[in-house]
Amino acid sequence: MRLNTLLPLALLAFNVPGGARAQTVSGTDADPVAFPMQGMEVPERHFMFNVGGGLSFPISDAGDRFETGGGFQLGAGYQFHRSFGVMAEYFYSGYDIRSDVLTGTGIDGNHYMQYGSLNAVWNVIPRSTFGFYVIAGPGLYYRQVELLQLSGVATVPYCDPWLYYCATDVVPVAELVGSRSSTDFGLGGGVGVTLKSSGELRFYVEGRYHYIFGQSFDVPGGDSRKADGQYIPVNFGIRY
């Protein structure tokens, strides 16, 4: 074939549209760039929340002064990927002062703690019916202690028509001696296990360790001690 015949044929081949040259196995048109992406998983993104409650265990110096308490937690966040998200949480808990701490003083008291934290959440096995996750992050912790002293008794009328009972009861009256509070920085981290309920809704049980960097106080003898706090709350509830 002569050169003046091959040159027009070559130019015609280069001018054929790309869609006509890119054929799949089935013979249909396909985008050569998009084709390799077919079948790949698209990361799931959605809002997260959790609601729960349980027991909270003061440990170390805090455990020497406060009884085991109870509390509840609320959280909301965003899942950037099936295995990773960020969650903001609020936690409230209350504790009684141990009976042997204020022995002989006639004083009793209560301790309350609240905190807000921002946490990273790693879902280790997100697709499993039984899940496992790690959570950790910084927070601000508000701790309050109230001291109460028995100041006497009072008579309080009580009447309940459904119990067919009306009388005047004698009840103790407590007076607030003092209340102190502090807001400090702290860190927390822990693990949780989940059980799938419906869709992305899961039941969870979680244990977490919190360390609070407390303020310094001068004690008799010229020493200084920091009111650091350590707590391990164990909560259960639902999360999405």
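The coordinates are above.
Here's what I pulled together on the structure shown here. (Residues numbered from 1 in each chain as written. Predicted model: local features only at pLDDT ≥ 70, side-chain atom pairs only at ≥ 80, totals over all residues. Heavy atoms only, no water.)

Let us look at the overall build of the protein. Counting its regular elements, the protein contains three helices and 10 strands. Shown N-terminal to C-terminal, the secondary structure of the protein runs as helices and strands in the order α-α-β-α-β-β-β-β-β-β-β-β-β. Counting over 240 residues, the protein shows a buried share of 28%. By sequence separation, contacts in the protein at least 24 residues apart represent 63% of the contacts at least 6 residues apart. (Helix = DSSP H or I, 4+ residues; strand = E, 2+ residues; numbered from the N terminus. Buried < 20%, exposed > 50% of the residue type's maximum accessible area, 1.4 Å probe, protein only. Contact = heavy atoms within 4.5 Å.)

Residues Ala62, Phe66, Phe91, Tyr95, Ile97, Met113, Tyr115, Tyr141, Ile212 and Tyr231 constitute the largest nonpolar core, which totals 10 residues. When contributions to this core are tallied by element, the ones reaching two or more residues are strand E3 (84-96) and strand E4 (107-123). Contact partners of Tyr115, with chain neighbours within four places excluded, come to Glu89, Tyr90, Phe91, Leu140, Tyr141, Arg208 and His210. Counting residues in hydrophobic clusters, the runner-up holds six residues, among them Met87, Val121, Tyr133 and Tyr204. (Core = buried A, V, L, I, M, F, W, Y, C linked by side-chain atoms within 4.5 Å.)

Moving on, we get to the packing of aromatic side chains. Inspection of the entire model under this criterion finds 13 aromatic pairs. In this structure, Arg239 is placed above the aromatic ring of Tyr133, and the distance from its NZ or CZ to the ring centre is 4.4 Å. Its end group placed over the ring of Tyr204, Arg239 keeps NZ or CZ at 5.0 Å from the ring centre. (Phe/Tyr/Trp six-rings, centres within 6.5 Å; stacked < 30°, edge-to-face > 60°. Lys NZ or Arg CZ within 6 Å of the ring centre and 35° of its normal.)

Below, the discussion takes up unusual backbone geometry. Of note in this structure, Ser60 is not a glycine but carries a positive phi near 60°. Its location among the elements puts Ser60 in helix H3 (residues 60-63). Relative accessible area serves as the criterion here: at 41%, Ser60 is assigned to the partly exposed category.

Attention now moves to empty space enclosed by the protein. Scanning the model with the defined rule gives one cavity of 30 Å³ or more in all. If you add up the space inside the largest cavity, you get close to 230 Å³. Along its surface, the largest cavity is lined by 16 residues, and Gln79, Asn123, Glu200, Arg202 and Tyr240 are the ones closest to its centre. Elements supplying a minimum of two residues to the lining of the largest cavity: strand E1 (46-59), E4 and strand E5 (130-160). The leading source of residues in the lining of the largest cavity is E5, at three residues. Per-class residue counts for the lining of the largest cavity are seven nonpolar, five polar and four charged. (1 Å grid on protein atoms, 1.4 Å probe; cavity = no way out; pocket = protein on both sides within 12 Å on 5 of 7 lines; lining within 4 Å. Points joined across faces, edges and corners; volume = space filled by probe spheres on them. Nonpolar A, V, L, I, M, F, W, Y, C, P; charged D, E, K, R; others polar.)

On to a nonpolar patch on the surface, then. Taken together, the side chains of Phe49, Val51, Phe72, Leu74, Tyr90, Phe130, Leu195, Phe203, Ile238 and Tyr240 present a nonpolar region at the surface, about 870 Å² in accessible area. Mapped by element, the contributors of at least two residues to the nonpolar patch are E1 and strand E2 (69-81). Checked against the element boundaries, Val51 lands in strand E1. (Patch = residues over 30% accessible without salt bridge, like charges linked within 9 Å, V, L, I, M, F, W, Y side chains within 5 Å. Areas by Shrake-Rupley, 256 points an atom, 1.4 Å probe, with all protein chains shown as cover. Salt bridge = Lys/Arg side-chain N within 4 Å of Asp/Glu carboxyl O.)

What follows concerns the pattern of salt bridges. As enumerated under the stated definition, the model contains five salt bridges in all. For Arg143, the salt bridge identified is with Asp184, shortest N-O distance 3.2 Å. Of this pair, Arg143 sits in strand E5 while Asp184 sits in strand E6 (residues 165-198), and the two are 41 residues apart along the sequence. Exposure class is identical for Arg143 and Asp184. Each is buried. One connected set of salt bridges, linked through shared partners, spans Glu89, Glu206 and Arg208.

Moving on to the side chain of His46. Its place among the elements puts His46 in strand E1. Not counting residues within four places of it along the chain, the set of residues in contact with His46 comprises Tyr78, Gln79, Glu200 and Tyr240.

Now for the pairing of E2. Note that E1 and E2 share 11 bridges and pair antiparallel. By the bridge assignment for E2, Leu55 is matched with Gly70. In this sheet, E3 lies alongside E2 in antiparallel orientation, the contact comprising 11 bridges. Each bridged residue has a counterpart across the sheet, and for Tyr78 the counterpart in E3 is Val86. Linking E2 back to E3 in an antiparallel pair, the connection comprises two residues. (Pairing = 2+ DSSP bridges.)

These figures capture arrangement, not role.
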